[in-house]
Amino acid sequence: MKKAIFLPLAVASLFGQNLPDIQEKNGLSLKTIQGYENWQVAATHWRRDKNELRYVLVDPKNEKAFKKGDKLPNGAIIVKIGWSTKPMDSFPDGLEADKIQRVEYMIKNDKKFVATGGWGYARFIKNPDGSYKPWGGDANECYACHTAVAGKDYLFSVYQKRF
């Protein structure tokens, strides 16, 4: 039997908390995505290079455009939550999300982020004590990967239909 990955829809580890106002080098703050715990999961994917499960969320104002595959307007936010996985106690052939490793987001602003395709990139790494720190890397590194999907508004993920 193939191993299955079960995706809990309730992502509770960070939810309900006030996010700290920590910033990346480009000025993007973790606080910008305050309330994202109420956003719908729009897509999931597995990052083999990071060995992590990703939940992709889209801000509610732009969810319809994302579902249709339209280019997103300025102000749109995509949040990506990277989880480690662990075997399920109740189903040995299954894996489930375990611990948040990172929270990332992209925010569209084609005037401010001209050099990175109109998107600003932010990544916050979870420390062992549960706090977060800015990644501190260069957003051009994010952009370099996302240029592979420039024709899709720099977005790898597409909406995953439920039925």
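Residues numbered from 1 in each chain as written. Predicted model: local features only at pLDDT ≥ 70, side-chain atom pairs only at ≥ 80, totals over all residues. Heavy atoms only, no water.

**Quick notes on the packing of aromatic side chains**
Point 1. One pass over the structure, following the stated rule, counts 2 aromatic pairs.
Point 2. Centre to centre, the rings of Tyr143 and Tyr154 are 5.6 Å apart; their planes meet at 35°, and the pair counts as tilted. Of the two residues, Tyr143 sits in helix H2 (residues 139-146) while Tyr154 sits in the segment after H2, which places them 11 residues apart along the sequence. For the residue pair Tyr143 and Tyr154, the accessibility class agrees, reading buried in each case. (Phe/Tyr/Trp six-rings, centres within 6.5 Å; stacked < 30°, edge-to-face > 60°. Helix = DSSP H or I, 4+ residues; strand = E, 2+ residues; numbered from the N terminus. Buried < 20%, exposed > 50% of the residue type's maximum accessible area, 1.4 Å probe, protein only.)

**What about the confidence of the model for the protein?**
Point 1. When pLDDT is averaged along the protein, the result is 89; 90% of the residues meet or exceed 70.
Point 2. Every residue in residues 1-16 is under pLDDT 50, and counting partners more than four places away or in other chains gives 38 contacts. (pLDDT = per-residue confidence, 0-100. Contact = heavy atoms within 4.5 Å.)

**Thoughts on the layout of surface pockets**
Point 1. Considering only enclosed or pocket space, the largest pocket measures out at about 440 Å³ in volume.
Point 2. Those elements that provide at least two residues to the lining of the largest pocket are strand S2 (41-47), strand S3 (52-58), strand S4 (77-87), strand S5 (94-108), strand S6 (119-126) and H2.
Point 3. Grouping the constituent residues of the lining of the largest pocket by class yields 11 nonpolar, 3 polar and 8 charged. (1 Å grid on protein atoms, 1.4 Å probe; cavity = no way out; pocket = protein on both sides within 12 Å on 5 of 7 lines; lining within 4 Å. Points joined across faces, edges and corners; volume = space filled by probe spheres on them. Nonpolar A, V, L, I, M, F, W, Y, C, P; charged D, E, K, R; others polar.)

**Quick word on the pattern of salt bridges**
Point 1. Summed over the entire model, instances satisfying the criterion amount to 10 salt bridges.
Point 2. When the shortest N-O distance is used, the salt bridge between Asp49 and Arg47 registers 2.5 Å.
Point 3. You can call Asp49 exposed: its relative accessible area is 56%.
Point 4. Note that Arg54 and Glu104 form a salt bridge whose closest N and O atoms lie 3.3 Å from each other. One end of the pair, Arg54, is in strand S3; the other, Glu104, is in strand S5, with 50 residues separating them in the sequence. For the pair Arg54 and Glu104, one class covers both residues: buried.
Point 5. One connected set of salt bridges, linked through shared partners, spans Glu52, Arg54, Lys80, Arg102, Glu104 and Arg123. (Salt bridge = Lys/Arg side-chain N within 4 Å of Asp/Glu carboxyl O.)

**Here we look at the nonpolar core**
Point 1. One finds Ile33, Tyr36, Val79, Ile81, Val103 and Tyr105 to be the most contacted residues of the largest nonpolar core, which totals 22 residues.
Point 2. Counting residues per element, the ones that place at least two in this core are S3, S4, S5 and S6.
Point 3. The next biggest cluster of nonpolar side chains, apart from the first, holds 17 residues, and it includes Ala42, Val58, Ala65 and Tyr121. (Core = buried A, V, L, I, M, F, W, Y, C linked by side-chain atoms within 4.5 Å.)

**Some words on unusual backbone geometry**
Point 1. Unusually for a residue other than glycine, Asp153 sits at a positive phi of about 60°.
Point 2. Relative to the helices and strands, Asp153 resides in the segment after H2.
Point 3. The buried category is assigned to Asp153, whose relative accessible area is 8%.
Point 4. The phi torsion at Tyr154 lies on the positive side, around 65°, for a residue other than glycine.

**Things to note about the side chain of Glu24**
Point 1. Tracing the sequence through the fold places Glu24 in the loop between strand S1 (4-5) and S2.
Point 2. The residues contacting Glu24, other than those within four sequence positions of it, are Ala122, Arg123, Phe124, Pro134, Trp135, Gly136 and Gly137.

**Notes on the pairing of S3**
Point 1. Most of S3 sits out of view: 7 of its 7 residues are buried.
Point 2. The two faces of S3 match: Glu52, Arg54, Val56 and Val58 on one face and Leu53, Tyr55 and Leu57 on the other face are all buried.
Point 3. With antiparallel pairing between neighbouring strands as the criterion, S2 and S3 make up a hairpin whose turn holds 4 residues, including Asn51 at a positive phi of roughly 55°. (Pairing = 2+ DSSP bridges.)

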